[in-house]
Amino acid sequence: MENILDFGQLHHIQITLASRLIRCIEKFKTLPEVQKYPDLTMILNDHSEIGLTEEKKMITINSEECTRCGQCISECPLGLIISETGGVPRPGENIENCIGCGHCVALCPGAAISLPNELGDVREISDLTLNMNGSSIPATQILNLIRQRRSIRNFMKREVDEKILQNIFDSLAWAPTARNGRPVHWTVLMGTERVKGLSETIVRWVASQGGFYTSFAKAWEKGIDAINWSAPCVVVAATEADALLPEVDSTIAMTSFELAAVAHGLGTCWAGITARALRDNEESAEFLDIPRGHRVCSAMMVGYPAVTYRRLPPRKPVPVRWKAVK
Ligand SMILES: Cc1cc2nc3c(=O)[nH]c(=O)nc-3n(C[C@H](O)[C@H](O)[C@H](O)COP(=O)(O)O)c2cc1C
Ligand code: SF4
Ligand code: SF4
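Residues numbered from 1 in each chain as written. Chains lettered and ligands numbered in written order. Predicted model: local features only at pLDDT ≥ 70, side-chain atom pairs only at ≥ 80, totals over all residues. Heavy atoms only, no water.

Per an unreviewed UniProt entry, the protein goes by Nitroreductase and derives from Candidatus Wallbacteria bacterium HGW-Wallbacteria-1. Database annotation for the protein, UniProt heading Sequence similarities (unreviewed entry): "Belongs to the nitroreductase family." (UniProt positions renumbered as here; feature names shortened; annotations may be inferred.)

A. Structural context of the packing of aromatic side chains. All told, the structure shown has seven aromatic pairs when counted by the stated rule. Relative to Phe257, the ring of Phe169 lies with its centre 5.4 Å away and its plane at 20°, an arrangement referred to as stacked. One end of the pair, Phe169, is in helix H7 (residues 162-171); the other, Phe257, is in helix H10 (residues 246-263), with 88 residues separating them in the sequence. Accessibility classification places Phe169 together with Phe257 in one group, the buried group. A centroid spacing of 6.4 Å and a plane angle of 45° characterise the contact between Tyr213 and Phe216, whose relative ring orientation is tilted. Both residues of the pair, Tyr213 and Phe216, count as buried. The ring centre of Tyr304 lies 3.6 Å from the NZ or CZ of Arg158, which sits over that ring. (Phe/Tyr/Trp six-rings, centres within 6.5 Å; stacked < 30°, edge-to-face > 60°. Helix = DSSP H or I, 4+ residues; strand = E, 2+ residues; numbered from the N terminus. Buried < 20%, exposed > 50% of the residue type's maximum accessible area, 1.4 Å probe, protein only. Lys NZ or Arg CZ within 6 Å of the ring centre and 35° of its normal.)

B. Quick peek at the pairing of strand E6 (residues 233-239). Of all the seven residues making up E6, seven are buried; the element is thus mostly covered by neighbouring parts of the structure. Side chains Cys233, Val235, Ala237 and Thr239 project from E6 onto one buried face, and the interleaved Val234, Val236 and Ala238 project onto a second face that is buried too.

C. Up close: the packing of helix H8 (residues 192-209) against helix H9 (residues 214-221). Relative to each other, H8 and H9 sit at 130°, their axes nearing to 8 Å. Between H8 and H9, the angle is such that the two are oblique. The element H8 and its partner H9 pack so that their crossing is left-handed. In this structure, H8 uses Lys196, Ser199, Glu200, Val203, Val206 and Ala207 to contact H9, whose residues at the interface are Phe216, Ala217 and Trp220. Its residues assigned to classes, the contact of H8 with H9 shows six nonpolar, one polar and two charged. (Axes fitted to C-alpha atoms, helices over the stretch in contact; angles between N-to-C directions. Parallel < 35°, antiparallel > 145°, perpendicular 65-115°, else oblique. Left-handed = near helix turned anticlockwise from the far one by under 90°. Contact = heavy atoms within 4.5 Å. Nonpolar A, V, L, I, M, F, W, Y, C, P; charged D, E, K, R; others polar.)

D. View of the sheet that holds strand E8 (residues 295-303). Spatial strand order, E5-E6-E8-E7: four strands in an open sheet with antiparallel pairing. Each of the sheet's edge strands pairs with one partner strand only, and the pair in question is strand E5 (184-190) and strand E7 (267-270). The average undirected angle you get between the axes of adjacent strands in this sheet is 25°. Here E5 runs beside E6; their pairing, made up of seven bridges, is antiparallel. Bridging from a neighbouring strand, Met190 pairs with Cys233 of E6. Running at roughly 10° to E8, H10 makes contact with E5, E6, E7 and E8 of the sheet. (Pairing = 2+ DSSP bridges.)

E. Representation of the pattern of salt bridges. Per the stated rule, a full pass over the model turns up seven salt bridges. Residue Glu84 is joined to Arg90 by a salt bridge in which the shortest nitrogen-to-oxygen separation is 3.3 Å. The class of Glu84 is partly exposed, set by a relative accessible area of 49%. Between Arg292 and Glu282 there is a salt bridge; the shortest N-O distance is 3.9 Å. Of this pair, Arg292 sits in the loop between helix H12 (282-288) and E8 while Glu282 sits in helix H12, and the two are 10 residues apart along the sequence. (Salt bridge = Lys/Arg side-chain N within 4 Å of Asp/Glu carboxyl O.)

F. How the structure looks around helix H11 (residues 272-280). Every buried residue belonging to H11 is among Ile273, Thr274, Ala275, Ala277 and Leu278, and all of these are buried. In this fold, the buried residues of H11 make contact with H8, H9, E6, H12 and E8.

G. Expanded view of the site of ligand 1. By nearness alone, every residue bordering ligand 1 is listed as Ile99, Cys101, His103, Pro176, Thr177, Ala178, Asn180, Arg182, Leu245, Val248, Asp249 and Ile252. In the environment of ligand 1, an oxygen atom lies 2.5 Å from a nitrogen or oxygen atom belonging to the side chain of His103. One of the backbone N or O atoms of Thr177 is found 3.4 Å from an oxygen atom in ligand 1. Protein burial of ligand 1: of its 620 Å² of free accessible surface, 53% is covered by the chains. Partitioning the shell around ligand 1 into residue classes produces seven nonpolar, three polar and two charged. Each of two domains, domain 1 (7-119) and domain 2 (142-303), supplies a minimum of three residues to the shell around ligand 1. (Near = heavy atom within 4 Å. Polar contact = N/O pair within 3.5 Å; in protein donor to acceptor, adjacent residues only side chain to side chain. Areas by Shrake-Rupley, 256 points an atom, 1.4 Å probe, with all protein chains shown as cover. Domains from an automatic or database assignment.)

H. Looking closely at the nonpolar core. Within the largest apolar cluster, 30 residues are counted, with the highest numbers of intra-cluster contacts made by Ile202, Val206, Phe216, Val236, Leu288 and Val296. Discounting chain neighbours no more than four positions away, the residues touching Leu288 are Thr187, Leu189, Leu198, Val236 and Leu278. Residues Leu165, Met190, Ala253 and Met254 belong to the second largest nonpolar core, which totals 19 residues. (Core = buried A, V, L, I, M, F, W, Y, C linked by side-chain atoms within 4.5 Å.)

I. Spotlight on a nonpolar patch on the surface. On the surface, Phe28, Leu31, Tyr37 and Leu40 cluster together to form a nonpolar patch covering roughly 370 Å² of accessible area. For Leu31, a relative accessible area of 38% puts it in the partly exposed group. (Patch = residues over 30% accessible without salt bridge, like charges linked within 9 Å, V, L, I, M, F, W, Y side chains within 5 Å.)

J. Region of the structure containing the environment of Gly120. Residue position: Gly120 is located in the loop between strand E4 (113-114) and helix H6 (139-148). Its relative accessible area of 39% is what places Gly120 among the partly exposed residues. In this structure the C-alpha to C-alpha distance between Gly120 and Ala173, which are 53 residues apart in sequence, comes to 9.6 Å.

In structure tokens:
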């Protein structure tokens, strides 16, 4: 009986074979002889049509560490973990739908559940300084951070420390994304002169657009970079072509980035015209070498603020409807 593979093992073998076959197909597609036949290339381009999916998200449950508490079963948002009454849980038949969210891994009291190493390391909450279960989150401070963030359009002539940015990007691996897709890719343009070079490509583009955009070209003629406000750094968020909700995922990521940057004493400003140009103007996209399959969603200027605000500007109350059912 020991030699019989269970469903999980079989699925793992299927996944491994599928991903190897996909790699072979990708190589095969590049052969000039194959490219002569468009119909064949079309079929080879669609792995799912020939019954192949590359699936790397697959939990493993170590029965020796499992205390049979059952928490993973109720935690999985897709109900993918099952158990025969009282037994050690196991991945159910629909485990290929696993989104790799890691909630089962994060919750298991016996540390019995693991995901493939490629998805990243597991870290203990006790190693982090913020205790989410106690009263150590300074809620007022976070609310004031949201209130006091302003769009900075006047930056010091001081370069941004790469380590600070890398630290922020590392934390964004835990920002929420639709179906845990993690589709956001970042590009960082460092240095005032390089940012100026990017702005130049955008000025040429806006000048040809007319209307609302003309003022940016006119400002440039007067020596004002009203596109990226002479920032020493611009960061760009782009998403993979097949992302489920690309605009939402990238906006969450960029908003998280912005608040973290402000918490580090940096100033930020959403660079909407830059984002549009990187999407629609080939010269700007080439300047940053944005990969062909990526869609730019947003861009942000980053630098140290050369301005200090003394008060919050007025804002109307946020409209909220409280629906109470009697
Ligand atoms: C745009 C967006 C849509 C989402 N939609 C759903 C949803 O309909 N149902 C759900 O249970 N979770 C939803 N989520 C949560 C994601 O599945 C979750 O962020 C991801 O699995 C990572 O888990 P974490 O947020 O606990 O890190 C959504 C997240 C985002 C960003
Ligand atoms: S959460 Fe962990 S210990 Fe509890 S049943 Fe699931 S695998 Fe076993
Ligand atoms: S990683 Fe998430 S989706 Fe996958 S089995 Fe665990 S809880 Fe379910």
